[in-house]
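The residues making up each chain are set out below.
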Amino acid sequence: MNIRLLAKRNIQGNAQRYLAYFFSIVLSVSIFFIYASFIFHPDVVHADIPGGKLISRGLIAAEIVIIIFSVFFIAYSNAAFIQPRKKEFGLLTLLGMSKSQLRKLIYLEQTMVSLISILIGVGLGFLFSKLFLMAISWLLAVEQPISFVFVPEAFIYTIVGFILLFQLLSLFSLFHIGNAEVVDILKDKQKPKKTPFVSKWLVALSAVCLSISYYLAYTLSLNNSYIRVLPIVFFVLIGTYFLFSQSIVALCSRLYRKKKSLYGGTNLITQTNLIFNIKDYSRLFFLTSIITAVILTAAGTLFMFSADLKKQGMDNIPQAIGWIENDASIYSVIEPSAVENTLKEDGFKILYEVNMTGVPITHMLPHMRTGEPNEIRSLLISESDYNNAAALRKIEPAKLSGKEALYIFPYGGLDYQFVHRGEQKELHFGNGTIQVTMVGQRNQSIVAPIKAATTLMVVDDQLYHEITADVPLKDMTRVRGYEVKDWEESMETSSEIEQMSNNHNQLQTRAPIYQEMKQGSILILFIGLFVSLLFFIVQGSMMYLRVFTNLEDKKIQIHALHRLGLTKKEIRQILSAEIRILFFAPFLIGVIHAIVAYVALSNLLGSNLFAYSAMVIATYFLFQLLYYQVTKKMYERAVINSIK
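Residues numbered from 1 in each chain as written. Predicted model: local features only at pLDDT ≥ 70, side-chain atom pairs only at ≥ 80, totals over all residues. Heavy atoms only, no water.

Undergrad: Would you mind showing me how to read the packing of aromatic side chains here?
TA: A ring pair, where both rings are aromatic, is described by two values, the distance of the centres and the angle of the planes. Going through the model one piece at a time under the given rule, you end up with 27 aromatic pairs. Here Phe 32 and Phe 162 contribute two aromatic rings whose centre-to-centre distance is 5.4 Å and whose plane-to-plane angle is 90°, an arrangement assigned as edge-to-face. Taken together, the positions of Phe 32 in helix α2 (residues 15–39) and Phe 162 in helix α7 (residues 152–178) put the pair 130 residues apart, joining distant regions of the chain. Joined through ring pairs, the aromatic side chains of Phe 536, Phe 583, Phe 584, Phe 587, Tyr 620, Phe 621, Phe 623, Tyr 627 and Tyr 628 make up one cluster. (Phe/Tyr/Trp six-rings, centres within 6.5 Å; stacked < 30°, edge-to-face > 60°. Helix = DSSP H or I, 4+ residues; strand = E, 2+ residues; numbered from the N terminus.)

Undergrad: Explain helix α17 (residues 491–500) to me, please; I cannot follow it from the model alone.
TA: The periodicity of an α-helix, 3.6 residues per turn, causes residues three or four positions apart to be oriented the same way. Every buried residue of α17 is listed here: Thr 493, Ser 494 and Ile 497. In a view along the axis of α17, the buried residues occupy a sector of 100°, so they form one face of it. In α17, the exposed positions angled more than 90 degrees off the buried face are occupied by Glu 492 and Gln 499. Its buried side turned inward, α17 meets β1 (321–325), α14 (336–345), β9 (507–509) and α18 (510–549). (Buried < 20%, exposed > 50% of the residue type's maximum accessible area, 1.4 Å probe, protein only. Arc of directions from axis to C-beta. Contact = heavy atoms within 4.5 Å.)

Undergrad: Please explain a negative patch on the surface as it appears in this structure.
TA: Residues Glu 345, Asp 346, Glu 492 and Glu 496 make up a contiguous surface patch of negative charge. Structurally, Asp 346 can be placed in the loop between α14 and β2 (350–366). (Patch = residues over 30% accessible without salt bridge, like charges linked within 9 Å, V, L, I, M, F, W, Y side chains within 5 Å. Areas by Shrake-Rupley, 256 points an atom, 1.4 Å probe, with all protein chains shown as cover. Salt bridge = Lys/Arg side-chain N within 4 Å of Asp/Glu carboxyl O. Lys, Arg positive; Asp, Glu negative; His and termini not counted. Charge placed at Lys NZ, Arg CZ, Asp CG, Glu CD.)

Undergrad: Would you take a moment to explain the side chain of His 363 for this structure?
TA: Counting through the fold element by element, His 363 comes out in strand β2. Judged by relative accessible area, His 363 falls into the buried class, the value being 0%. A distance of 2.8 Å separates polar atoms of two side chains, one belonging to His 363 and the other to Ser 378. Apart from the residues within four sequence positions on either side, His 363 is in contact with Asn 374, Glu 375, Ile 376, Ser 378, Tyr 407, Lys 425, Glu 426, Leu 427 and Met 457. (Polar contact = N/O pair within 3.5 Å; in protein donor to acceptor, adjacent residues only side chain to side chain.)

Undergrad: I keep staring at unusual backbone geometry and nothing clicks. Help me out?
TA: Where the residue is not glycine, phi is negative for most of them; where a peptide bond is considered, it is trans in most cases. The backbone phi angle of Lys 394 is positive, close to 60°, even though this residue is not glycine. Tracing the backbone shows Lys 394 in the loop between α15 (383–392) and β4 (404–409). Residue Lys 394 is classed as exposed on the basis of its relative accessible area, which comes to 79%. One non-glycine residue, Asp 486, lies in the positive phi region at around 55°. On the secondary structure map, Asp 486 appears in the loop between β8 (477–484) and α17. Overall, the relative accessible area of 46% leaves Asp 486 in the partly exposed class.

Undergrad: Could you clarify how one ought to interpret the nonpolar core in this entry?
TA: One recurring pattern in soluble globular proteins: nonpolar side chains tend to sit buried together. Tyr 21, Tyr 35, Phe 38, Phe 132, Phe 548 and Tyr 635 are the most contacted members of the largest nonpolar core, which has 102 residues in total. For this core, the element with the most residues is helix α20 (residues 568–605), which contributes 16 residues. (Core = buried A, V, L, I, M, F, W, Y, C linked by side-chain atoms within 4.5 Å.)

Undergrad: When you look at helix α16 (residues 461–468) in this model, what are you seeing that I'm missing?
TA: If you check which residues of α16 are buried, you get Leu 463, Tyr 464, Ile 467 and Thr 468. Buried residues along α16 cover an arc of 120° about the axis, so they all sit on one side. In α16, the exposed residues that point more than 90 degrees away from the buried face are Gln 462, His 465 and Glu 466. The secondary structure elements touched by the buried residues of α16 are β2, β3 (373–382), β5 (424–429), β6 (432–443) and β7 (456–459). A side-chain oxygen of the first residue of α16 lies 3.1 Å from the backbone nitrogen of Gln 462; this N-cap is Asp 460.

Undergrad: Which parts of the structure should I look at to understand the pattern of salt bridges?
TA: In a structure, side chains of opposite charge can pair up when their charged atoms sit close to one another. Considering all chains together, one arrives at four salt bridges under this definition. Salt-bridge contacts for Arg 480 lead to Glu 353; the nearest nitrogen and oxygen are separated by 2.6 Å. Taken together, the residues Arg 480 in strand β8 and Glu 353 in strand β2 connect sequence positions 127 residues apart. Exposure remark for Arg 480: the relative accessible area of 5% places this residue in the buried category.

Keep in mind these numbers describe shape, not what the thing actually does.
Put into structure tokens, the structure is as follows:
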């Protein structure tokens, strides 16, 4: 028997424990290799693929995320493998194995597993990279599918990178066991566990941090998001950590004192195990709840944005075809008859059209960040023109009288108030000036937000006619627009209309912008799906490792309980309850974090995303439930089959 053979047999003997770890590493390596194959693909490097450079940047970011996540997972797993085997290492030391030989044994075990994982991961990645390239080709709608070629850089970066990563983390994991004394190693499992300490101050800190983070997320808006993201993440991390290390312990202790429920069924054993293991569980609960929140938030954001893209397009671009004429007396950009004929020839039905005139004006508005007054251009329009267009878009009409005015800002995601009710404002048009009283601001668009018509100032019809009475038509601006049925299919028609126009900067078509955003969002969703899947597998693997690292201790406890008279049915109830807490306690907290993030996203997009968020959470729950059932069956079989 030599150390190499002993390492091999140790791996075989601990195959059940290594299973989830091995599967997670294989998946990480496979995804990393597939992404690297695209990044270093000759067609992408030489810019022969439209949009290839943009996708490669996203994949590089995903590669970095995979590496960082792999570092934490491998470090956690190495510690999880070593901790339950301390008694085994102590016995080997007593039998004459030196510390250097013990380090070599652990190093060989981890190296063997890592090399096998890397080779299988690269092999699977190479096999499935063809499917990935076919999917990307379809999503990019390229004429010629991306060719499947051998990419040496992908092999080099994946194999060398992961080998170095494993070697460094393996070396770090050796110091703890290598420097421990034999007596400490042998008695590590015999040390009695103390009741965890609970600090009321830390419980309060947890509640305060989570409350602050939830409030910041709930009141998040487009104009303050850039300064709130980091504080939200900071308070969530602090609050969640102390929630599991302190607040949950306090809750369990309170439940433990309720004797009536404690003595019902197997609650005494389940709650006692939970209280005395909560210190060990707290770090795992913290990590898995944060991972759950990250997965749900990231996957949900991508899915919601993709699903809500059509509505966003219609909100931000009011008509399928829209343009402005700086001289309202002529059509210099494009003739309306040309637009109508093109749409009808291509089989598109015009649902309604917009035709209004306005006067370009200037006025002062505060800058969003500095608050300093700036001169802004807007288009002055009448109340009746606004209400007619608003009715077509099913928007509440304006109600003005006298010298009242309503400011229209076209972007609903930005809730910054440029004007306030009752504020006096001077409007400058040509050589004239008029003072109006603001009734408020609406963040919504009714006509194409282009040039002078980007923002609107609505006034009473009588006041509008007084202002424009002496303004010639050539000094006014005309806004035209056509809403089209099935506009998302009008890519070619929109391109044809754009080519007919004399000024592209004053014409806006919805379909090309929508299709470009849709293609980009699908690509991001496609890439994010793999990373989210990896996160989910790794999270489940951490739980799996936590369950099976204490398998021998659990067998000893169950044997004792069985001798005291507990039936196998009651033992299954105890095991199921413990695994259920392990899987679903952090899941519940992660879901709460994600729901708060969904609310913030709904506020940013100005949409009700409840149905989409429910679909994402339900899908994740089903996967979590499946993972739980598989782990529970394997764990129960391993424990109960050992009962004689």
